[in-house]
Amino acid sequence: MVGLEILALAPGATIQDVGRLGYRRYGVTKGGAMDPYGLREGQVLLGNPAHSAALEMAFQGGQFRSIGNNIVACTGAEMSLRVNDHSVGWRQVISLNDGDQLSIGACLEGCYGYLHLLGGIDAPLVLGSRSAHVQADLGWKPNPCESLRPLARGPASFGEGQKKIGYCLTRPSYFDDRVVRILEGPQTHLFAKRDVASLEKAEWQITNVRNRMGARLKSSSGALKAEWGATMASDAIVMGDIQVAADGIPAVLLADCQPIGGYPKIATVISADIHKLAQIPVDMLFKMKMVRRSTAIKEWESLISQMNQLSDQRERAVRNPKDMRDLLKYSLIDGVISGEE
Amino acid sequence: MQYPRICEAGDQALLIEFGETYSREVSCAVMAFDRELNHSQPPLEGIVETAPTLRSVLVQFDSTKGDPQHIENWCRAALEGKNWYSEKTPVTGHNWRIPVIYGGEGGPDLAEVASLVGLTESQVIESHSSAELTVLCLGFSPGLAYLAELPETFAIPRRNAYTARPVPAGSILIANQQTVLPATPIQTGWWRIGMTPVMTFRPERAKPFLFSPSDRVRFQPITESEANDSWLDTLWEALDHGRA
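Residues numbered from 1 in each chain as written. Chains lettered and ligands numbered in written order. Predicted model: local features only at pLDDT ≥ 70, side-chain atom pairs only at ≥ 80, totals over all residues. Heavy atoms only, no water.

Novice: Requested: an account of the nonpolar core, with residues and values cited.
Specialist: W96(B), I98(B), L210(B), F211(B) and F219(B) are the most contacted members of the largest nonpolar core, which has 57 residues in total. Of the residues forming this core, the biggest block, 5 residues, is contributed by strand 6 (residues 133-138) of chain B. Of all hydrophobic cores here, the second largest spans 36 residues; its members include L39(A), V252(A), L277(A) and A278(A). (Core = buried A, V, L, I, M, F, W, Y, C linked by side-chain atoms within 4.5 Å. Buried < 20%, exposed > 50% of the residue type's maximum accessible area, 1.4 Å probe, protein only. Helix = DSSP H or I, 4+ residues; strand = E, 2+ residues; numbered from the N terminus.)

In structure tokens form, the structure reads like this:
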């Protein structure tokens, strides 16, 4: 058996893949990684399939002990990362020997980081996905004393994984972006023009009332008011909707949102910017910008194409020899690592 | 506002609204349109999933897999093609008879509901279990079904407050001439008049949800001693074999 024993884990960590489609009509929304780009980075680095699962860590990581030899990578929002006493690179394939301790600390930027194992993390498939869904209470939220296991893999795939050690990806620029683009929606007209205009005028922050279901926002311009009041017939919610509750506080609905809700929506974050918004730390100022729907659709296509091209950007880390404590692990001498299965 | 209308719900979905609020006509139109969309030949490229609500149909697509304009054009032509409000809900869903233990521990509000609507408890049971209900949509929580339409007697508002503790899966809840049947524990302001031993959401099964939108449901009063497992498996096997 190989894998990572969880010694400590910050709250909010869940197993995530790309989510589940086809169950909304039964009351379950797609869910899946809060930052699908960050999830994809790790899949590309390790050569894991696009439906493979990783550990999503919110704001903080955890402590893990390697059981046997493992090949892992951390992606998404960068957190401080050490193997035993050595700092290691984020977005880089690293190898762990039996007993090595992997320490993932607080976020250095962003909010959601991903820990991947070669082959993907084994977790129960529920409704065709390994994603934990907070609102629907599905899937696996790991706890200390449990272990993360890779899906069954043969010696051949472990050998393939070894060749990837040191592969890395560059940091994507969306962590520097302070503009979230939005669209008008079916209920935008229920709000005063002044309130709709304030979306673009004000500087916004995400409050600490946030989780996988959604995030409450605040701005200097105060509460918003739907002219229709707070009660309208329940209707479908899509990810990115900015709903305004009775108290006038807007909230962005995210991966694990409910399928239907009764609050009016003032606008909707474009699909290409939802992961960017999810990664915005509490109290960081950002702006919202109304765009045309055709722009939003083009941006979505561009994001998908960037994700599809990630593997072309994978490169061998240029490593400082003084950091190469694991020199012997490189295939300078064949057979130092035995395939353990 | 003119209905039906096509709204843009973000950049990867359309919301086809058939009315401002729920009504029987609106809901029938919703179910008929959802069915037509899912049975269009050839299938519409790019559609990821559709979901009916009490007054609209959400059409989610992926614009990298199909042209959103083509999907919108199809919807517009379909809406203009006929009067959706004259649709009677097509009877192609499953027909379920769901056993319910009315009153007792699983239906603590039965007496209060009876006095609220001016019937005896057994008249409430008789009336509730003789109505043929339609699954309008599922939502709020996984597998939670909205069923309508109960006789006008049951046009009662919800309770003033939510339950302190979640009510269990299988609770038979009523208000507003509707019944709600949750498949997971939920907090609710609806009146709780009974309990079914049938689990309507079994995540381990290939078809994990017993109900689909536009299924028909009739409740059958049973006693506690009749609530054994053989009911449950018969129902789920019927789903697997399309015999319900």
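Now that the structure is up, let's keep going.
Novice: Go over the interface of chain B and chain A with me, naming the residues and quoting the values.
Specialist: Interfaces are frequently sized by the accessible area removed from exposure as the parts join. The partner chain A presents 40 residues to the 46 residues of chain B that form the contact. Between chain B and chain A the total buried area reaches about 3300 Å² when both faces are included, carbon and sulfur atoms providing 59% of it. Sorting the residues of chain B by area buried against chain A places D11(B), E49(B) and F140(B) first, and these three jointly supply 19% of that buried surface. For D235(A), the salt bridge goes to R55(B), with nearest N and O atoms at 3.0 Å. Where chain B touches chain A, the interface holds 18 residue pairs in polar contact (both at pLDDT 80 or more). Put simply, the parts of the chain that give the side of chain B that touches chain A at least two residues each are strand 1 (5-8), strand 2 (13-17), helix 1 (24-38), strand 3 (47-52), strand 4 (56-61) and helix 2 (68-81) of chain B. By residue number, the principal contributor to the side of chain B that touches chain A is strand 3 of chain B, which donates 5 residues. Residue composition of the side of chain B that touches chain A, grouped by class: 22 nonpolar, 14 polar and 10 charged. (Contact = heavy atoms within 4.5 Å. Buried area = accessible area lost by both parts, 1.4 Å probe. Salt bridge = Lys/Arg side-chain N within 4 Å of Asp/Glu carboxyl O. Polar contact = N/O pair within 3.5 Å; in protein donor to acceptor, adjacent residues only side chain to side chain. Nonpolar A, V, L, I, M, F, W, Y, C, P; charged D, E, K, R; others polar.)

Novice: Kindly report on the pattern of salt bridges, identifying the contributing residues and their values.
Specialist: Enumeration according to the criterion identifies 27 salt bridges over all chains in this entry. R202(B) serves as the salt-bridge partner of E204(B), at 3.0 Å between the closest nitrogen and oxygen. Of the residues examined, E204(B) reaches a relative accessible area of 57% and is grouped as exposed. Salt bridges sharing common partners tie together D177(A), R181(A), D273(A), K276(A) and E299(A).

Novice: Help me get a handle on helix 3 (residues 193-201) of chain A, residues and values and all.
Specialist: All names here are of chain A. Those residues of helix 3 that sit buried are D195, V196, S198 and L199. Viewed end-on, helix 3 has its buried residues packed into an arc of 155°, placing them on one side of the element. Exposed and facing more than 90 degrees away from the buried side of helix 3 are K193, R194 and K201. Elements that come into contact with the buried residues of helix 3 comprise strand 13 (179-183), strand 14 (204-210), strand 20 (265-269) and strand 21 (287-290). (Arc of directions from axis to C-beta.)

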